[in-house]
Each structure stands twice: as C-alpha cells, then as structure tokens.
Amino acid sequence: MTKIIFIEADGTTIEATAKPGMSVMQVAVNAGIAAIAAECGGACACGTCHCYIAEDWFDRLAPAKSDEADMIEFVVDPIPTSRLSCQIEVTPELDGLVIHLPSSQT
C-alpha cells in the first residue's frame, strides 16, 4: 500500500493508504476528505479535485497533460504546484506523497 498525506487548509493532517492504479482523487474521496468534492468523478471536467502538490514532490509526478493544464486555469487560487488529483495515478514511488488542500475548497 502507498501512503498519501493530505494537509487541510487549517493544518490538519490526514494519512490515507492507496493501492497502485488508484487516482489521488479516489484516495481522498475514500478517506472522506471534504475539500476534494470530485463532482465529475475523475473526468477532468470540473476542477473540484484541485490540490497543491508539496514542492519537493512536484517534479516527481508526470507532467500535467494539456486537458488538465487547461482546467487548472479555471480553478480558484491556482499556484505553480496546482494539480487535479483525479489525474495523478498512485504508484509505489509516490509513497509519502504530500498534498495540500486549498482553503477555497473547505
């Protein structure tokens, strides 16, 4: 199992475990993280799974594809490490991945 660490806007830390092949969005939804609404179910069509990747992890992820990059332009408060969690596939190499949740989604 791969551990994913979510840090809510108020600093609360939630650790969740994931199987390889899941999306980070699925992990968040399964863990009951309210800041990840996932309204489109992972279709990269709404931006409600927006998150910030911890800087020391950002370059370890595959780059965002064009459809994800386009959608990020429309989220509230994007930053250079913004990603859509539905587009990040869990792999064993992501064990310990740190995800910060935007205050705009609380």
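Preceding this section is the structure that the text describes.
Predicted, not measured: the structure shown is a model, and the values here were computed from it.

A. Local environment of the sheet that holds strand E1 (residues 2–7). Strand order in the open sheet formed by five strands is E2-E1-E5-E3-E4, and the pairing between neighbours is mixed. Where the open sheet ends on each side, the last strands, each with one partner, are strand E2 (13–18) and strand E4 (82–84). Sheet twist, expressed as the average angle between the axes of neighbouring strands with direction ignored, equals 35°.

B. Representation of the pattern of salt bridges. Counted by the stated rule, this structure contains two salt bridges. For Glu-15, the salt bridge is made with Lys-3, and the minimal N-O distance between the two is 4.0 Å. Within this pair, whereas Glu-15 is found in strand E2, its partner Lys-3 is found in strand E1, the two being separated by twelve residues in sequence. Classification of Glu-15 as exposed rests on a relative accessible area of 54%.

C. Structural view of the nonpolar core. By size, the foremost hydrophobic cluster in this structure holds 34 residues, and its most contacted members are Phe-6 and Ile-99. With residues up to four places along the chain from it excluded, the contact list for Phe-6 reads Thr-12, Thr-13, Ile-14, Ala-16, Val-24, Val-27, Ala-28, Ile-33, Ile-99 and Leu-101.

D. The side chain of Thr-81, seen in detail. Its place among the elements puts Thr-81 in the loop between helix H3 (66–72) and E4. In this structure Thr-81 comes out as buried when scored by relative accessible area, which is 12%. Each residue touching Thr-81, except ones within four places of it in the same chain, is listed here: Cys-51, Tyr-52, Ile-53, Glu-55 and Phe-58.

E. Looking closely at the pairing of E2. In the sheet, E1 pairs with E2 via six bridges, with the strands oriented antiparallel. Pairing of Phe-6 across the sheet is with Ile-14, part of E2. Two successive antiparallel strands, E1 and E2, enclose a turn made up of five residues, where Gly-11 displays a positive phi of approximately 95°.

F. Broad picture of the pairing of E1. Where burial is concerned, most of E1 is hidden: five out of the six residues are buried. Sheet topology note: the E1/strand E5 (residues 97–100) ladder contains four bridges and is parallel. Across the sheet, Ile-5 pairs through a bridge with Val-98, a residue of E5.

G. Broad picture of the environment of Gly-47. Along the chain, the position of Gly-47 falls in the loop between helix H1 (24–30) and strand E3 (50–53). In the structure, Gly-47 is positioned 38 residues away from Ser-85 in sequence and 9.0 Å away in space, judged by C-alpha atoms.

H. Broad picture of the side chain of Gln-105. Turning to its location among the elements, Gln-105 is positioned in the segment after E5. One polar contact links the side chain of Gln-105 to the main-chain carbonyl oxygen of His-50, over a distance of 3.1 Å. Among residues more than four places away in sequence, those in contact with Gln-105 are Ala-34, Ala-35, Ile-36, Gly-47, Thr-48, Cys-49 and His-50.

Calculation rules
- Every residue gets a number counted from 1 within its own chain, in the order that chain's sequence is written.
- A pLDDT threshold of at least 70 governs which residues receive local features in this predicted model, and a stricter bar of 80 or more applies before side-chain atom pairs are shown or counted, although totals over entire chains, interfaces and linings include all residues.
- To get the side-chain values, all heavy atoms of the structure are used, and hydrogens and water are removed first.
- In this description, strands pair whenever DSSP reports at least two bridges between them.
- A helix here means a DSSP run of H or I that spans at least four residues, while a strand means a run of E at least two residues long, and both kinds are numbered starting from the N terminus.
- Working convention: axes come from line fits to C-alpha atoms, limited for helices to the stretch in contact. Angles between N-to-C directions cover 0 to 180 degrees.
- The working definition used for a salt bridge is a side-chain nitrogen of Lys or Arg within 4 Å of a carboxyl oxygen of Asp or Glu.
- Each residue is placed in one exposure class: buried if its accessible area under a 1.4 Å probe, protein chains only, is under 20% of its type's maximum, exposed if it is over 50%, and partly exposed if it falls in between.
- In these notes, a set of buried Ala, Val, Leu, Ile, Met, Phe, Trp, Tyr and Cys residues joined through side-chain atoms within 4.5 Å is what counts as a nonpolar core.
- Contacts are residue-level and defined by heavy atoms, with any inter-residue pair within 4.5 Å sufficient.
- A 3.5 Å cut-off defines polar contacts: any pair of N or O atoms within that distance qualifies, except that in protein one atom must be a possible hydrogen donor and the other a possible acceptor, and neighbouring residues in sequence count only when both atoms are side-chain atoms.

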